[in-house]
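# Summary of the model geometry
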Amino acid sequence: GVTIHTKDCETLEAFRDMPERWIDVSWGAGHGVEAIMVGRLNIALMDKPNTLGALTTIIGKNNGNIINIKIVNRDADLFEILLDIEVRDTSHLVDIIASLRSHRVVHSVERAKSR
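What comes next is a walk through the structure. (Residues numbered from 1 in each chain as written. Predicted model: local features only at pLDDT ≥ 70, side-chain atom pairs only at ≥ 80, totals over all residues. Heavy atoms only, no water.)

### Regarding the overall build of the protein
Of regular secondary structure, the protein possesses two helices and four strands. Across the protein, helices and strands are ordered from the amino to the carboxyl terminus as β-α-β-β-α-β. Per-residue burial over the protein gives 25% buried out of 115 residues. Accessible area of the protein: about 8400 Å², with a carbon and sulfur share of 49%. (Helix = DSSP H or I, 4+ residues; strand = E, 2+ residues; numbered from the N terminus. Buried < 20%, exposed > 50% of the residue type's maximum accessible area, 1.4 Å probe, protein only. Areas by Shrake-Rupley, 256 points an atom, 1.4 Å probe, with all protein chains shown as cover.)

Okay, structure coming up:
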């Protein structure tokens, strides 16, 4: 099997001395077909009416597709979600993140780290 890690993943430290087990990979369409990738985001949102509506509108206007959403924490002012979005490539995901960060109900947005 193959496991993909980000370059800064702590798990990779154990394989530092085994370059034969490393393969460089990247996002991108293959063989002329536009691929769909999934990006996972950690998002903290203001706990106000229509916050989720604003979030989904931003993603929809940027041609992203939400495929999973999970509320992981909630307090009086904020709630945190994990959100999986289908995107074309990393540039598309970065554009969506930038749009989310510019909205007043979004407190923070970060790409989620793999475990």
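### Digging into the nonpolar core
Side chains of a nonpolar character, in soluble globular proteins, are inclined to be buried together. Counting residues in each nonpolar core, the largest one holds 20 residues, and the members touching the most others are Leu41, Ile43, Leu55 and Leu100. Of all the secondary structure elements, the ones that give two or more residues to this core are strand S1 (37–46), helix H1 (51–61), strand S3 (78–87), helix H2 (90–101) and strand S4 (106–111). The element best represented in this core is S3, accounting for five residues. When sequence neighbours within four positions are dropped, the list of residues in contact with leucine 55 reads Ile43, Leu45, Ile81, Leu83 and Leu100. (Core = buried A, V, L, I, M, F, W, Y, C linked by side-chain atoms within 4.5 Å. Contact = heavy atoms within 4.5 Å.)

### Let's talk about the pattern of salt bridges
The final tally for this structure, using the stated rule, is three salt bridges. Of the charged contacts in the structure, one is a salt bridge between arginine 40 and aspartate 84, with a shortest N-O distance of 2.6 Å. Here aspartate 84 lies in strand S3 and arginine 40 lies in strand S1, a separation of 44 residues in the sequence. What makes arginine 40 partly exposed here is its relative accessible area of 38%. For aspartate 84, a relative accessible area of 8% gives the class buried. Its salt-bridge partner being aspartate 47, residue arginine 74 comes within 3.1 Å of it at the nearest N-O pair. Separated by 27 residues along the polypeptide, arginine 74 in strand S2 (residues 65–74) and aspartate 47 in the loop between S1 and H1 bring together distant segments of the chain. Since its relative accessible area comes to 27%, aspartate 47 is described here as partly exposed. (Salt bridge = Lys/Arg side-chain N within 4 Å of Asp/Glu carboxyl O.)

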